[in-house]
Amino acid sequence: MKLKTSSLLLTSALLGASMVPAHAGEDAMLNLLKVLRDKGTISAADYDALANAAKSDVESAKELESKVETATSNATAVSLNGGHLKIKTADKAFSAQIGGRIMADYAIMDEDDLGGKGSASEFRRARLFIKGTAFTDWGYKAQFDFGGNKTTIKDMYLQYTGWKPAKFTLGNDKMPFGLEELTSSRYITFLERSAGTGAFSISRKNGLSVGTNGDNWTLKGAIHMDGIDNENSGQDEDYGYGGRFTYAPIAEKTRAIHLGLAYHHQELETSGGKAIQVKLRPEVHTAGKIFKSFEDTFQDYDTFGLEAAAVFGPFSAQTEYVMRDYNAVSGSTDQDLNAWYAYASYFLTGESRSYKADKGAFGRVKPRGVVGKGGMGAWEVALRYSDIDLEDNSLGNEGDIFTVGLNWYATPNIRFMANYSKADVDGESDNFDAVNFRGQIDF
Amino acid sequence: MKLKTSSLLLTSALLGASMVPAHAGEDAMLNLLKVLRDKGTISAADYDALANAAKSDVESAKELESKVETATSNATAVSLNGGHLKIKTADKAFSAQIGGRIMADYAIMDEDDLGGKGSASEFRRARLFIKGTAFTDWGYKAQFDFGGNKTTIKDMYLQYTGWKPAKFTLGNDKMPFGLEELTSSRYITFLERSAGTGAFSISRKNGLSVGTNGDNWTLKGAIHMDGIDNENSGQDEDYGYGGRFTYAPIAEKTRAIHLGLAYHHQELETSGGKAIQVKLRPEVHTAGKIFKSFEDTFQDYDTFGLEAAAVFGPFSAQTEYVMRDYNAVSGSTDQDLNAWYAYASYFLTGESRSYKADKGAFGRVKPRGVVGKGGMGAWEVALRYSDIDLEDNSLGNEGDIFTVGLNWYATPNIRFMANYSKADVDGESDNFDAVNFRGQIDF
Amino acid sequence: MKLKTSSLLLTSALLGASMVPAHAGEDAMLNLLKVLRDKGTISAADYDALANAAKSDVESAKELESKVETATSNATAVSLNGGHLKIKTADKAFSAQIGGRIMADYAIMDEDDLGGKGSASEFRRARLFIKGTAFTDWGYKAQFDFGGNKTTIKDMYLQYTGWKPAKFTLGNDKMPFGLEELTSSRYITFLERSAGTGAFSISRKNGLSVGTNGDNWTLKGAIHMDGIDNENSGQDEDYGYGGRFTYAPIAEKTRAIHLGLAYHHQELETSGGKAIQVKLRPEVHTAGKIFKSFEDTFQDYDTFGLEAAAVFGPFSAQTEYVMRDYNAVSGSTDQDLNAWYAYASYFLTGESRSYKADKGAFGRVKPRGVVGKGGMGAWEVALRYSDIDLEDNSLGNEGDIFTVGLNWYATPNIRFMANYSKADVDGESDNFDAVNFRGQIDF
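Residues numbered from 1 in each chain as written. Chains lettered and ligands numbered in written order. Predicted model: local features only at pLDDT ≥ 70, side-chain atom pairs only at ≥ 80, totals over all residues. Heavy atoms only, no water.

(A) Highlighting the overall build of chain A. Helix and strand content of chain A: 5 helices and 23 strands. Taking 22 Å as the expected radius of gyration for a compact globule of 443 residues, we find that chain A reaches 31 Å, considerably beyond that expectation. Based on the C-alpha atoms only, the size of chain A along its principal axes is roughly 115 × 50 × 45 Å. Put simply, chain A has 443 residues, and 59% of those count as buried. Contacts spanning at least 24 positions in sequence make up 57% of the contacts within chain A whose residues lie at least 6 apart. (Helix = DSSP H or I, 4+ residues; strand = E, 2+ residues; numbered from the N terminus. Rg over C-alpha atoms; globule rule 2.2 N^0.38 Å. Buried < 20%, exposed > 50% of the residue type's maximum accessible area, 1.4 Å probe, protein only. Contact = heavy atoms within 4.5 Å.)

Below you can see the structure in the form of structure tokens.
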């Protein structure tokens, strides 16, 4: 009921109802009663009784209206859109999200192969998280992985977002390095990130980062220490710093080109240097580590990364090159290692990989038809070549991995993946191959 | 306000309001004003002013109605029925539940007894879980136990429920074997499941199951691997398969008869066979393992289970027999072990154990009077005899356990339990006895 | 719409609308129509049509009203006040809260110092919890710490609150001992509790407690065992008991005086006694343990605590003295150790520390201005002196620690802390100093 004072009635009626302030307190009924009384159609006694009734109607209506107002406008909204539990206050100053992810993997390998460990199953990831916004300008995330019956802190940070040009993050978060690394494991195209670039990526570190971005570019810098527990060695913790810049000359919904570069420096604080040997699995997480550098003692290392990706409708391609220079302590030898990969993917059902130019990473694929709503999901085929060079000074090995992938996105948050991988190590007569399946949901 | 077009008014008034489409846009007031204008009771100017006011009332009412509609029909519903936090969308396509369970146990044993370890306390279970529905046809559950300051993945799976005849589950879930095993630890009658049948039960495995059921029967089959982490041995993981059928000739709310049988085959992939010794506690989780088979090397084993239970009002009885045949590698000897138990329970306060014939397991007991709502809870007394035969080829031992239990269900989700257990091992002069208390809540 | 029966109309109109029962079923419009029909202003046919329309309006209004009633009064309320996710049923019989805390610490020490371990970072606390109310009279809490990638059960209990004079808690909970210990780590003034009194505090134990309180006093007693897992030694578990009384002669919002005393007895069940050496860090959690008692073998020990605190506007002071008497087994020597601390804090921005006289502990500081709502947060400076005496019989050592602290409470649930600590151990030429930073959020 829109309610007006009687003094406003005629004016407002002439000017049109849209100019009348709502809820001014009286009712069309009251005005009619007045007219009827003034014309003598109804008696003064009738008027009084009817007007009292009408007024009490108006009161009730106002009360109801205010109840609805309270219930709808002040309410903290709870939603389960896409299966994700989110809570948000009406003024958006506070929000919370509770969720997680399950990835159940089943691999078939030959136990006589190089790195083959026989059939194997595992929960590759079994995570819970809470994240949220507090007092408008602050954010946080606490995320744990319990895969393998172990507890691993993943994202664990506090954020300040109140100074618009940049966002500050304190705690454990992904360092700005690597397109595939910065794309959530929920969205990567193959079961595993490419072995070489994955190994040289910096992943999560505990520190402080500052990031800024435009619609089609991102820039982020970070410094970090190494600890997430208190069992330090009695020496200074290792620390590092780095940054990443991405730019998208095309950044449309189904057409995009991504370019990126990143640098990271890692200082090793162990006195006398730290012994390091890079060891990599052939892109199957339950397999043995068959790619190996020569173990030597280093005082620091630098990592350089180049990224490019393109999306043209259902087709996409992506490549990264990563180079790491290990700087030796005296008596040891420097090592320059590198790796690259390139892959292409195609959605048989017409979807596009979801590039987020303001984040410099890929996001969630939303199938056109959802299984459970009459659709058949999205189907994607993909092919990757990874080249891994852990050899320097004629020590360590090198090789490559081919992977063919088939992904079925049954819903936006549920997918099933199958990968066939074949890996060769130079100089080894034996090689590795495996089929690996995954059932995945995030919520 | 139900609103009609003026053209519909007379017809609808004659035919009865129930046939009138709601919200057609005009108001009883408007019609009255027209009648009064047409009769000359009010002037055209009065009519215009009053009609404008009435129309604006109608607009406001429609707006309010639509707000209420939005708030009530589209709302994601949050409930805490029985203390369980559930969120569900109005269309039921999405839901989420967050909860857990706490079981705090306090045992008094004699440290000089066989298997007695002195007084002991522990959190027998300390669990959190999230489960939910997504896009109507999909379900998931992620459940962790943190008892003993360890992380253990429990239920961890993805489900497809969109093909009505059957439900598919991928991940870690209870295998279809054993009535007591498949009854949640929240609902079992004694603090611990019967030692022998518990040990031979298959519990949770990581694999794929297919289950179907009618109102009074269930049928489920499963194949599984063994891993929930990636530390496989370099050999094929063990795998197994099995199934269970249950039938309830009577399946009423307070009267039920349950019959069940199950089979499971476990293949041991370790080359040369796997050394296995069955070792069991005397149904007190903090006690030592006093029942032991002879350790030998096997290549696979088969497990057979028979189940029966009956509920007649406050009285219920339950029994299971489990037989396991270990098949030896050459040079070792086969072993056929078995165990059975039988128990009876009686609710002094008149409740019935809650048999779920469409699940083939027991569910939650709801006390008639709830402590906190003026009631005194449900009180149950129970007696169990367990017979354990781990002897074959004159090796290993055998024995039995008597348990007397008293359970107080203060509310549907809170109970306190006390068990007195007495165990004998054949050929041992010493025996074991213990009193064990539990405080339990699930939420 | 407030709706009345026509028979009530005139009476109610005369007596005033407030006496009219709402929703009695008719409408002011209907009454007007009757008057107009009776006066002949409108025809009987007009009346019938208009009355039908009006009745259907009334029905719709009632339906709407009942929808609103259902939506607003029965609704389970979800709130995010202060960033804390709480769910509560309208009748308050059930509630749930899901949250946690993150504390990210970064310390700078000199690795050549006594106990200095070089720079170090860690998640000092990384916790999740669910707590709630069930069936009015019952409560529970399940809280886990995952800091250091380890799982640690913290609060884990079931509560009965239905007998007003006292509250019963079964499970793992803080024992009633120590003002700083019983003040949540979210609210303590320095990064670490005072070394000496913290070490002698009893912290959390698994047992049963009974607590009662008035507006300005608290009394609590507890008995406890030691286990939260099932790996008992084969001997009786240790047990203990104790109690605490607090009284606040002044207990106003910004002026308070707190007095407290506590006692605890710990029985060590290991036969032949238990070897104990107290070892303490210099109030920096990543540092080495530099304060040490002489290791000897004891059969039990008693701990006594005295507490005092005062709040006068922005100024507050706090002190505790703790004495522990270790009672030796024969062949060993008794030890009487003790520690005390005193500190003062001052809010530059005018806030007061939040003393809770009915809990005997300090609570959350709420800054006058919140960062994110135009404010600058609360700023607090603090100074602490801790004296630690682990020497008895001329064995063990003693020393002291000075700490200067600066706290910035950006919001009620986010704060940043910096501590400079300097520790001396008597008889050591070397000493310890460190700067330690923390970023903290609780949600």
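(B) Seen up close, the pattern of salt bridges. This structure, assessed with the given rule, holds 57 salt bridges over all chains. Linking Arg438 of chain A and Asp105 of chain A is a salt bridge whose minimum nitrogen-to-oxygen distance equals 2.7 Å. With Arg438 of chain A in strand 23 (residues 432–442) and Asp105 of chain A in strand 3 (residues 95–109), the pair connects residues that are 333 residues apart, well separated along the chain. Asp105 of chain A shares its class with Arg438 of chain A; the two are buried. Arg186 of chain B is the partner of Asp442 of chain B in a salt bridge, and the nearest nitrogen-oxygen pair spans 3.6 Å. With Asp442 of chain B in strand 23 (residues 432–442) and Arg186 of chain B in the loop between helix 4 (179–182) and helix 5 (195–200), this pair connects stretches of sequence that are 256 residues apart. Owing to a relative accessible area of 22%, Arg186 of chain B belongs among the partly exposed residues under this scheme. (Salt bridge = Lys/Arg side-chain N within 4 Å of Asp/Glu carboxyl O.)

(C) How the structure looks around the relation of the copies chain B and chain C. Take chain B, turn it by 120°, move it 0.1 Å along the axis, and it overlays chain C with an RMSD of 0.2 Å. The transformation relating the two chain copies, once decomposed into turn and shift, fits a three-fold axis. A share of only 17% of interface residues in chain B that are also interface residues in chain C marks the association as one of differing surfaces. (Least-squares fit on C-alpha atoms with pLDDT ≥ 70 in both.)

(D) Seen up close, the interface of chain A and chain C. Each partner contributes residues to the interface: chain A has 66 residues there, and chain C has 66 residues. Both sides together, the interface formed by chain A and chain C hides about 5,400 Å², and carbon and sulfur atoms give 69% of it. Taken together, the connections running from chain A to chain C amount to 1 salt bridge. The residue Lys39 of chain C makes a salt bridge to Asp46 of chain A at a minimum N-O spacing of 3.3 Å. There are 11 residue pairs in polar contact (both at pLDDT 80 or more) connecting chain A and chain C. Here the element with the most residues in the side of chain A that touches chain C is helix 3 (residues 44–73) of chain A; it accounts for 14 residues. Per-class residue counts for the side of chain A that touches chain C are 35 nonpolar, 20 polar and 11 charged. (Buried area = accessible area lost by both parts, 1.4 Å probe. Polar contact = N/O pair within 3.5 Å; in protein donor to acceptor, adjacent residues only side chain to side chain. Nonpolar A, V, L, I, M, F, W, Y, C, P; charged D, E, K, R; others polar.)

(E) Spatial organisation of a nonpolar patch on the surface. Residue and element names in this part refer to chain A. A cluster of nonpolar side chains, Trp217, Leu219, Phe245, Tyr247, Leu259, Leu261, Leu306, Tyr321 and Trp340, forms an exposed patch at the surface whose accessible area comes to about 800 Å². Of all the secondary-structure elements, those providing two or more residues to the nonpolar patch are strand 9 (217–225), strand 10 (239–251) and strand 11 (255–267). In this fold, Leu259 is placed in strand 11. (Patch = residues over 30% accessible without salt bridge, like charges linked within 9 Å, V, L, I, M, F, W, Y side chains within 5 Å. Areas by Shrake-Rupley, 256 points an atom, 1.4 Å probe, with all protein chains shown as cover.)

(F) Layout of the packing of aromatic side chains. This model, assessed by the stated rule, comprises 60 aromatic pairs over all chains. Aromatic pair Phe443 of chain A and Tyr140 of chain B: ring centres 4.1 Å apart, planes at 20°, arrangement stacked. Placement of the pair is Phe443 of chain A in the segment after strand 23 and Tyr140 of chain B in strand 5 (residues 138–145), with the two residues belonging to separate chains. Here the aromatic cluster, defined as three or more aromatic residues joined through ring pairs, consists of Phe144 and Phe146 of chain A, Phe144 and Phe146 of chain B together with Phe144 and Phe146 of chain C. Of note, Arg37 of chain B hangs over the ring of Tyr47 of chain B, and the distance from its end group to the ring centre comes to 4.1 Å. (Phe/Tyr/Trp six-rings, centres within 6.5 Å; stacked < 30°, edge-to-face > 60°. Lys NZ or Arg CZ within 6 Å of the ring centre and 35° of its normal.)

(G) Geometry of the relation of the copies chain A and chain C. Take chain A, turn it by 120°, move it 0.2 Å along the axis, and it overlays chain C with an RMSD of 0.2 Å. By residue overlap, the copies meet through two different surfaces: only 17% of the interface positions of chain A are interface positions in chain C.

(H) Structural context of the pairing of strand 11 (residues 255–267) of chain B. All names here are of chain B. Summarising the sheet, strand 10 (residues 239–251) and strand 11 pair through 11 bridges and their orientation is antiparallel. Among the inter-strand pairings, Tyr247 is bridged to a residue of strand 11, identified as Leu259. Between strand 10 and strand 11, which follow one another and run antiparallel, lie 3 residues. Sheet topology note: the strand 11/strand 15 (residues 296–312) ladder contains 13 bridges and is antiparallel. Looking at strand 15, one finds that Leu259 is bridged to Ala308. (Pairing = 2+ DSSP bridges.)

(I) Main features of the packing of helix 2 (residues 28–38) of chain A against helix 2 (residues 28–38) of chain C. Close contact between helix 2 of chain A and helix 2 of chain C brings their axes to 11 Å; oriented N to C, the two are set at 20°. If you check the angle between helix 2 of chain A and helix 2 of chain C, you find them roughly parallel. Viewed along their axes, helix 2 of chain A and helix 2 of chain C form a crossing whose handedness is left-handed. Along the contact surface, helix 2 of chain A presents Met29, Leu32, Leu33 and Leu36 of chain A, while helix 2 of chain C presents Ala28, Met29, Leu32 and Leu36 of chain C. Of the residues that constitute the contact of helix 2 of chain A with helix 2 of chain C, the class distribution is 8 nonpolar, no polar and no charged. (Axes fitted to C-alpha atoms, helices over the stretch in contact; angles between N-to-C directions. Parallel < 35°, antiparallel > 145°, perpendicular 65-115°, else oblique. Left-handed = near helix turned anticlockwise from the far one by under 90°.)

(J) Highlighting the side chain of Arg193 of chain C. Residue and element names in this part refer to chain C. Counting through the fold element by element, Arg193 comes out in the loop between helix 4 (179–182) and helix 5 (195–200). The buried charged residue Arg193 lacks any salt bridge partner; its closest oppositely charged side chain belongs to Glu181, at an N-O distance of 4.2 Å. The contacts of Arg193, once residues within four sequence positions are left out, are Arg125, Lys174, Glu180, Glu181, Thr183, Ser184, Ser185, Ile188, Glu283 and Arg384. (Lys, Arg positive; Asp, Glu negative; His and termini not counted.)

(K) Geometry of helix 2 of chain A. Of all 11 residues that make up helix 2 of chain A, 8 are buried, and the element is covered over most of its length. Gly40 of chain A occupies a position one or two residues after helix 2 of chain A and carries a positive phi of about 80°.

(L) Structural detail: the interface of chain B and chain C. At the junction of the two partners, chain B supplies 66 residues and chain C supplies 66 residues. Counting each side, the surface lost to burial between chain B and chain C is near 5,400 Å², with a carbon and sulfur contribution of 69%. Scanning the region where chain B abuts chain C turns up 1 salt bridge. Along the contact surface separating chain B from chain C lie 11 residue pairs in polar contact (both at pLDDT 80 or more). Tallied by class, residues from the side of chain B that touches chain C come to 33 nonpolar, 21 polar and 12 charged.

(M) How the structure looks around the domain arrangement of chain A. By domain assignment, chain A separates into domain 1 (2–72) and domain 2 (100–442). Put simply, the middle of domain 1 of chain A and the middle of domain 2 of chain A, counted by C-alpha atoms, are 66 Å apart. (Domains from an automatic or database assignment.)

(N) Quick peek at the pairing of strand 8 (residues 204–213) of chain B. Residue and element names in this part refer to chain B. As defined by bridge partners, strand 7 (residues 167–174) adjoins strand 8 across 8 bridges and the pair is classed as antiparallel. Among the inter-strand pairings, Lys167 is bridged to a residue of strand 8, identified as Gly211. Two successive antiparallel strands, strand 8 and strand 9 (residues 217–225), enclose a turn made up of 3 residues.

(O) Region of the structure containing a positive patch on the surface. Residue and element names in this part refer to chain A. Judged by side-chain charge, Lys86, Lys88, Lys92, Lys131, Lys167, Lys253, Lys356, Lys359 and Lys366 come together as a positively charged surface patch. Assignment of secondary structure puts Lys88 in strand 2 (residues 85–88). On the basis of relative accessibility, which here comes to 39%, the residue Lys88 falls in the partly exposed class. (Charge placed at Lys NZ, Arg CZ, Asp CG, Glu CD.)

(P) Representation of the nonpolar core. Ranked by size, the top nonpolar core spans 102 residues in total, and within it Phe144 of chain A, Phe144 of chain B together with Phe144 of chain C carry the most contacts. Once residues within four sequence positions are removed from consideration, Phe144 of chain C is found in contact with Ala126, Leu128 and Phe146 of chain B together with Ala126, Arg127, Leu128, Thr152, Ile153 and Met156 of chain C. One finds Leu32 of chain A, Tyr47 and Ala51 of chain B together with Leu50 of chain C within the second-largest nonpolar core, a separate group that totals 39 residues. (Core = buried A, V, L, I, M, F, W, Y, C linked by side-chain atoms within 4.5 Å.)

(Q) Fine view of the environment of Thr411 of chain B. Relative to the helices and strands, Thr411 of chain B is located in strand 21 (residues 398–411). Given the relative accessible area of 0%, Thr411 of chain B is considered buried. Sequence spacing of Thr411 of chain B and Gly82 of chain B is 329 residues, and the spatial spacing of their C-alpha atoms is 8.6 Å. The residues touching Thr411 of chain B, leaving out its near neighbours within four places in the chain, are Pro367, Val370 and Val371 of chain B together with Phe135 and Trp138 of chain C. Of note is the side chain of Thr411 of chain B, whose polar atom sits 2.6 Å from the side chain of Asn413 of chain B. At 3.0 Å, the side chain of Thr411 of chain B forms a polar contact with the backbone nitrogen of Ile414 of chain B.

(R) Highlighting unusual backbone geometry. Positive phi values are uncommon outside glycine, yet Ser203 of chain A reaches one of about 60°. Relative to the helices and strands, Ser203 of chain A resides in the loop between helix 5 (195–200) and strand 8 (204–213). Exposure remark for Ser203 of chain A: the relative accessible area of 28% places this residue in the partly exposed category. Phi is positive for Phe135 of chain C, close to 50°, though the residue is something other than glycine. Structurally, Phe135 of chain C is set in the loop between strand 4 (120–134) and strand 5 (138–145). Taking relative accessible area as the criterion, Phe135 of chain C reaches 6% and is therefore assigned buried.

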